[in-house]
Amino acid sequence: MQPSTFYQDVYEVVKLIPFGRATSYGAIAAYLGTKGSSRLVGYAMNNSIKTETGIPAHRVVNRNGLLTGKFHFGTANEMQQRLENEGLTIIDNQIQNFKTIFWDPTIELDIS
DNA sequence: GAGGTGACTGCGA
DNA sequence: CTCGCAGCCACCT
């Protein structure tokens, strides 16, 4: 297919993240085949919020499960608030048991 | 057309 | 263990 923009692909993957789960920028980038562009994923998220794309960006965190982009939300605690609302535990801006709730698109979606 | 930026990641000291 | 540096690539000004 013809990906209009890198953002579009990122949005598609983020939308597929199931409730109560979270993934990392690198995982999404890797799934898109642009693992080297892990920063672009975060960049896309930033744009997604600004453009009201409705993307659950709060389910996307860095490799350590740290809410690195919480400050980019409308309010600093909104990201954490949403994650806790999904049954996750956040301490010091970091997702607890992140390894357990981690949702890897390269595995869950499987590139077949 | 060129330069600067960034919600990252991995490796080294 | 904690802190710092370099690489990476698409988007924005």
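Definitions and cut-offs
- Residues numbered from 1 in each chain as written.
- Chains lettered and ligands numbered in written order.
- Predicted model: local features only at pLDDT ≥ 70, side-chain atom pairs only at ≥ 80, totals over all residues.
- Heavy atoms only, no water.
- Core = buried A, V, L, I, M, F, W, Y, C linked by side-chain atoms within 4.5 Å.
- Buried < 20%, exposed > 50% of the residue type's maximum accessible area, 1.4 Å probe, protein only.
- Contact = heavy atoms within 4.5 Å.
- Salt bridge = Lys/Arg side-chain N within 4 Å of Asp/Glu carboxyl O.
- Helix = DSSP H or I, 4+ residues; strand = E, 2+ residues; numbered from the N terminus.

## Some thoughts on the nonpolar core
Point 1. Within the largest apolar cluster, 28 residues are counted, with the highest numbers of intra-cluster contacts made by V14, M45 and I95.
Point 2. Ignoring any residue separated from it by four or fewer positions in sequence, one finds M45 in contact with V10, Y11, V14, Y25, I55, A57 and V60.

## Brief notes about the pattern of salt bridges
Point 1. A complete count under the given rule lists three salt bridges for this structure.
Point 2. For E86, the salt bridge goes to R59, with nearest N and O atoms at 3.0 Å. Taken together, the residues span a long stretch of sequence, with E86 in the loop between α4 (78-85) and β3 (90-91) and R59 in the loop between α3 (38-50) and β2 (60-61) at a distance of 27 residues. Like E86, the residue R59 is buried in the burial classification.

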